[in-house]
Amino acid sequence: MKPLRNGNVIHDEPPRKRFQEDFESTPLYIAVVTYINYGIMIVFGFLRDFLRRHGFEKTHASTEASDMKDFVPLYASFESFYTRNIYNRIQDVFNRPICSVPGPVIDIVERQFSKSGWMFEYTGKVLKNVVNLGSYNYLGFAENDGPCAEASIESIEKYGVGVCSSRKEMGNLDIHVKLEKKMAEYLDVEACLTFGMGFATNSMNIPCLVSKGCLIISDGLNHASLVLGCRLSGAQIRVFKHNDMKDLESKLRDAVVYGQPRTHRPWKKILIIVEGVYSMEGSIVNLPGILELKKKYKAYVFLDEAHSIGALGSRGRGVTEYFGIHPREVDIMMGTFTKSFGAAGGYIAGSRALVEHLRYHSHSACYATSMSPPVCEQIITSLHIISSTDEGKRRIKQLADNCRMFRQGLKKLGNIVYGNDDSPVVPAMIYAPTKLGAFSREMLKRGFGVVVVGFPATPIAESRVRFCISAALTEQQLQDALDAISDISDLLQMKYSKKKIA
């Protein structure tokens, strides 16, 4: 066992034996039916567009005002084809407004949509006590009572709600310094820098780490914030297949051998960017393989732990603890407080030199408003519970038990489930876009709120329902959800799996 600086230990078990993924291939007939489904909708979409142009179809759509016809078009007609003719038909299952804490049960404000899906109005009715299977509330800290809420209320009395300044001006409070110190101790790294927004933590800081003459090798399933950060950096970008170490090594070898295009000069830096847990696939990064290649080819690793910090490992320290790897083997540790900590914002941790460089060069640190004090207090209090109390250990264990129980339950039902057994993100495949809306509506009728995801967030023929499991959910709630999913899967013929689960 390896001792950490703060007295905890990481077990030195062989990591490769623990790594497993499950991406059952799509049955051929389902793939064919899904494409036929899209084909029919496209044909009818073009027919509806034809009727719109000739005044027969009165449905609202993204079209130009008649008095603006001589100006450059504001709407690209074909690009909004999907929105007009497919998305609007199932828009009622997306963006549902809630009027409660996003805990294990939520209250949803009911909306009444027009036939086209383009217009809606609030009915005034609230759907009470809907079981929440879609929020990133992994450890159940999204609460309006308890120690976190009480500490946040006390911080408002001392600091107020807003800082009204950036960290470089008058917005650097002692509570920010305290949070960064505690987070660095928790991760067992030299230093940490926090930001008020998770998305900006990636998009605004990657350009500070690499620039022209550098190479980024990015996992093909990385989050949009990482993609945006890569594009803003000015560095060359190459994409490797998700968790495919052979493809990654091929990209690294070519980069080292051939260097930069045309000049063939060596790259200034090679940065590998991966996530701990992938939010659409429910898979866990093959970190041992990544680090092995990093050392072999003298590259750097940027690890986004937005969905893994707090949710993986015996003490919630994320994917490094999950694999028994010391955090200092990763060059740049990034994460967010919006999931397991029930708060907002993000952090980047690592060496002191890295953090000081970002402190003075990151646009997110120099220009963005500082993190709100009650948000800081929420993170500090939840971090203390996670790292130092039996309640924190209980929540982490409960989350792990819930994840395995729910994922195995879905597999036993015959659903195709993607990802790793220990991931808190559990995607179940739906495929057909017409079933997407039906599944969400039927679950809501039975008292369960779920998130369904389709194109363009997923490949066009891989629509899915993405369950996010929480430690706050009881075994009975999860079992009731599985019973409801079984009934709806029979109704919609969604039990596609050919694997037999004991």
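Everything discussed here concerns the structure shown above.
Everything numeric in this text was worked out from a predicted model, so none of it was measured.

A. Structural context of the sheet that holds strand E3 (residues 105–113). Across the sheet, which stays open at both edges, the 3 strands sit in the order E3-E4-E13 with mixed pairing between neighbours. This sheet does not close on itself; its edge strands, each paired only once, are E3 and strand E13 (448–449). Examined bridge by bridge, E3 and strand E4 (residues 120–132) share 7 bridges and lie antiparallel to one another. Counterpart to Gln112 in the pairing with E4 is Glu121.

B. Just the packing of aromatic side chains, in detail. Taken as a whole, this structure holds 10 aromatic pairs when the rule is applied. Between the aromatic rings of Phe120 and Tyr122, the centroid separation amounts to 5.5 Å while the plane-to-plane angle is 85 degrees, which identifies the pairing as edge-to-face. The partly exposed category is assigned to Phe120, whose relative accessible area is 39%. Each residue in the set Phe113, Phe120 and Tyr122 is aromatic and connected to the rest through ring pairs, giving one cluster. Directly above the aromatic system of Phe120 lies the positively charged group of Arg111, at a separation of 5.4 Å from the ring centroid. Of note, Arg395 hangs over the ring of Phe141, and the distance from its end group to the ring centre comes to 4.3 Å.

C. Broad picture of the side chain of His307. By the element assignment, His307 lies in the loop between strand E9 (300–304) and helix H11 (319–323). Polar side-chain contacts of His307 include one of 2.8 Å to the side chain of Tyr138. Setting aside its immediate chain neighbours within four residues, His307 contacts Tyr136, Tyr138, Val277, Ser279, Lys339, Pro424 and Val425.

D. Highlighting a nonpolar patch on the surface. A grouping of Leu28, Val32, Ile36, Ile40, Val43, Phe44, Leu47 and Phe50 is seen on the molecular surface, where their side chains present a nonpolar patch of about 800 Å² in accessible area. As for its position among the elements, Phe44 is in helix H2 (residues 28–53).

E. Up close: the side chain of Arg167. Structurally, Arg167 can be placed in the loop between helix H4 (147–159) and helix H5 (174–187). Judged by its relative accessible area of 16%, Arg167 falls in the buried class. Looking at Arg167, its side chain comes within polar contact range of the side chain of Asn172, at 2.8 Å.

F. Up close: empty space enclosed by the protein. Under the defined criterion, the tally for this structure stands at 1 cavity of 30 Å³ or more. Estimated volume of the largest cavity: approximately 40 Å³. In this structure, the largest cavity is lined by Pro102, Gly103, Pro104, Asn132, Ser135, Asn137, Cys468 and Ser470. Per-class residue counts for the lining of the largest cavity are 3 nonpolar, 5 polar and no charged.

G. Seen up close, the environment of Pro102. Here Pro102 shows up in the loop between helix H3 (81–85) and E3. When its relative accessible area of 31% is taken as the criterion, Pro102 is described as partly exposed. In this structure the C-alpha to C-alpha distance between Pro102 and Ile488, which are 386 residues apart in sequence, comes to 24 Å. If sequence neighbours within four positions are ignored, Pro102 has contacts with Asn132, Ser135, Asn137 and Ala142.

H. How the structure looks around the nonpolar core. Ranked by size, the top nonpolar core spans 96 residues in total, and within it Leu133, Met183, Phe406, Phe439 and Phe467 carry the most contacts. Sequence-distant contacts of Phe467, defined by excluding residues within four places in its chain, comprise Leu133, Phe406, Leu410, Pro424, Val425, Val426, Ala428, Phe439, Val450 and Ile485. Core analysis: the second largest hydrophobic core is formed by 22 residues, Ile216, Phe302, Ile332 and Met334 among them.

I. Expanded view of a negative patch on the surface. A contiguous patch of negative charge on the surface is contributed by Asp145, Glu150, Glu154 and Glu157. Secondary-structure assignment places Glu157 in helix H4.

J. Quick peek at the pattern of salt bridges. Summed over the entire model, instances satisfying the criterion amount to 21 salt bridges. For Asp490, the salt bridge goes to Lys495, with nearest N and O atoms at 2.9 Å. For Asp490, a relative accessible area of 47% gives the class partly exposed. Residues joined by salt bridges that share partners form a network here, namely Glu143, Glu391, Arg394 and Arg395.

K. The arrangement of the packing of helix H9 (residues 245–258) against helix H10 (residues 287–297) in detail. In the contact formed by H9 and H10, the axes pass within 11 Å of each other and the chain directions differ by 15 degrees. On the basis of their axis angle, the class for H9 and H10 is roughly parallel. The two elements H9 and H10 meet at a crossing, and its hand is right-handed. Contacts between H9 and H10 pair Met245, Leu248, Glu249, Leu252, Arg253 and Val256 from the former with Gly289, Ile290, Leu293, Lys296 and Tyr297 from the latter.

L. Highlighting the sheet that holds strand E10 (residues 332–336). If you trace the 7 strands from one edge of the open sheet to the other, you get E5-E11-E10-E9-E8-E6-E7, paired in mixed fashion. Unpaired on one side and paired on the other, strand E5 (191–195) and strand E7 (236–240) mark the two borders of the sheet. Each strand axis lies, on average, 20 degrees off the axis of its neighbour in the sheet, ignoring direction. Taken together, the 5 bridges between E10 and strand E11 (residues 346–350) define a ladder with antiparallel strand orientation. Pairing of Met333 across the sheet is with Ala349, part of E11. Against the sheet, H5 makes contact with E5 and E11, and its axis sits at roughly 125 degrees relative to E5, the strand it touches most.

M. Region of interest: unusual backbone geometry. In this structure, Pro456 follows Phe455 across a cis peptide bond, with omega equal to 5 degrees. Looking at where Pro456 falls in the secondary structure, it is placed in the loop between strand E14 (451–453) and strand E15 (463–468). If you check the backbone angles, Asn243 has positive phi at about 55 degrees while not being a glycine. The topology assignment puts Asn243 in the loop between E7 and H9. Assessed through its relative accessible area of 13%, Asn243 is described here as buried. Although it is not a glycine, Arg262 adopts a positive phi angle of roughly 70 degrees. For Arg262, a relative accessible area of 78% corresponds to the exposed category.

Scoring rules and cut-offs
- Residues numbered from 1 in each chain as written.
- Predicted model: local features only at pLDDT ≥ 70, side-chain atom pairs only at ≥ 80, totals over all residues.
- Heavy atoms only, no water.
- Pairing = 2+ DSSP bridges.
- Helix = DSSP H or I, 4+ residues; strand = E, 2+ residues; numbered from the N terminus.
- Phe/Tyr/Trp six-rings, centres within 6.5 Å; stacked < 30°, edge-to-face > 60°.
- Buried < 20%, exposed > 50% of the residue type's maximum accessible area, 1.4 Å probe, protein only.
- Lys NZ or Arg CZ within 6 Å of the ring centre and 35° of its normal.
- Polar contact = N/O pair within 3.5 Å; in protein donor to acceptor, adjacent residues only side chain to side chain.
- Contact = heavy atoms within 4.5 Å.
- Patch = residues over 30% accessible without salt bridge, like charges linked within 9 Å, V, L, I, M, F, W, Y side chains within 5 Å.
- Areas by Shrake-Rupley, 256 points an atom, 1.4 Å probe, with all protein chains shown as cover.
- Salt bridge = Lys/Arg side-chain N within 4 Å of Asp/Glu carboxyl O.
- 1 Å grid on protein atoms, 1.4 Å probe; cavity = no way out; pocket = protein on both sides within 12 Å on 5 of 7 lines; lining within 4 Å.
- Points joined across faces, edges and corners; volume = space filled by probe spheres on them.
- Nonpolar A, V, L, I, M, F, W, Y, C, P; charged D, E, K, R; others polar.
- Core = buried A, V, L, I, M, F, W, Y, C linked by side-chain atoms within 4.5 Å.
- Lys, Arg positive; Asp, Glu negative; His and termini not counted.
- Charge placed at Lys NZ, Arg CZ, Asp CG, Glu CD.
- Axes fitted to C-alpha atoms, helices over the stretch in contact; angles between N-to-C directions.
- Parallel < 35°, antiparallel > 145°, perpendicular 65-115°, else oblique.
- Left-handed = near helix turned anticlockwise from the far one by under 90°.

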